Amino acid sequence: MNVISVREQPAYKDMAIAYFQKNWKGVLPVIYEDCINHSIEASAPLPQWYLLMNEATIIGCAGLITNDFISRMDLYPWVCALFIEEQHRGNSYGSILLEQAKKDSAKAGFQSLYLCTDHIGYYEKYGFSYLAQGYHPWGEESRIYQAQL
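Positions within a chain are numbered from 1, following the residues in the order the chain's sequence is written. Totals for whole chains, interfaces and linings use every residue, but because this is a predicted model, local features are given only for residues with pLDDT of at least 70 and side-chain atom pairs only at 80 or more, for both listing and counting. Side-chain metrics in this entry use all non-hydrogen atoms of the structure; hydrogen atoms and water are not considered.

Visitor: Which residues make up the nonpolar core, and what values go with them?
Guide: Core analysis: the biggest nonpolar cluster contains 24 residues, and Phe20, Ile36, Trp49, Leu51 and Trp78 have the highest contact counts within it. Here a helix means four or more residues in a row that DSSP labels H or I, a strand means two or more in a row labelled E, and each is numbered from the N terminus. Of all the secondary-structure elements, those providing two or more residues to this core are α1 (13-23), α2 (29-39), β2 (48-54), β3 (57-65), β4 (78-84) and β5 (112-117). Apart from residues lying up to four places away in sequence, Phe20 is in contact with Tyr32, Ile36, Trp49, Tyr50, Leu51, Cys61, Ala62, Gly63 and Ala81. Joining through side-chain atoms within 4.5 Å is the link that ties buried Ala, Val, Leu, Ile, Met, Phe, Trp, Tyr and Cys residues into a set, and such a set is a nonpolar core. Three labels apply to residues, based on accessible area from a 1.4 Å probe with only protein chains included: buried if under 20% of the type maximum, exposed if over 50%, partly exposed otherwise in between. By size, the runner-up hydrophobic cluster in this structure holds 21 residues, among which are Leu52, Ala101, Leu113 and Tyr123. Contacts: residue pairs with any heavy atoms within 4.5 Å of one another.

Visitor: Report on α2, specifying residues and quantitative values.
Guide: Of the residues making up α2, those classed as buried are Tyr32, Ile36 and Ser39. Buried residues of α2, viewed axially, fall in a sector of 65 degrees; they line one side. Buried residues along α2 sit in contact with α1, β2 and β4. Taking the helix axis as origin, the arc is that swept by the directions to the C-beta atoms.

Visitor: Run through the pairing of β4, naming residues and quoting values.
Guide: Summarising burial for β4: 7 of the 7 residues are buried, a large majority. Paired strands are those between which DSSP finds at least two bridges. With 5 bridges connecting them, β3 and β4 associate as antiparallel partners. If you follow Cys61 over to β4, its bridge partner there is Phe83.

Visitor: Help me get a handle on the packing of α1 against α2, residues and values and all.
Guide: Comment: axis = line fitted to C-alpha atoms, over the contacting stretch for helices; angle = value between 0 and 180 degrees taken between N-to-C directions. Two elements in contact, α1 and α2, have axes separated by 9 Å at closest approach and are oriented at 150 degrees. Relative to α2, the element α1 is oriented roughly antiparallel. In terms of crossing hand, the pair formed by α1 and α2 is right-handed. The residues of α2 that touch α1, namely those facing Lys13, Ala16, Ile17, Phe20 and Gln21, are Pro29, Val30, Tyr32, Glu33, Ile36 and Asn37. Of the residues contributing to the contact of α1 with α2, the split by class is 7 nonpolar, 2 polar and 2 charged. Our angle categories are set so that under 35 degrees counts as roughly parallel, over 145 as roughly antiparallel, 65 to 115 as roughly perpendicular, and the remainder as oblique. Should the near helix be turned counterclockwise from the far one by less than a right angle, the crossing is left-handed, whereas a clockwise turn marks it as right-handed. Nonpolar residues are Ala, Val, Leu, Ile, Met, Phe, Trp, Tyr, Cys and Pro. Charged residues are Asp, Glu, Lys and Arg, and all others, Gly as well, are polar.

Here it is in structure tokens:
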């Protein structure tokens, strides 16, 4: 398995945009297109977009962003859009993307990494602990998790 940082390897940009759009249909496609396109030459360390490759095949993705559409804008960075193809689940491949996000966050000087989710039990296996509830602009709430770096 190999993690591709789209910022470090911009030749993967269009492939990444298409992959995120395909697997996160609840997000307007232009959101990923605009964010990924502008991330490549951003002067700040965020955002970052990752693809998890098994040889030449994408089997997963994740992002590292400043806010995941959640009320706790005092907390950042956030892991977002973690996805592993169904046939590859159960192999801890998500942890590879989480570790890359942790590594890049620490390298950028952050002391914590956050995510919001409704899943209970998955992220705890990879060093995240429940912090609080957060609220989305569309009226839903999610659990906020934190990992110390």
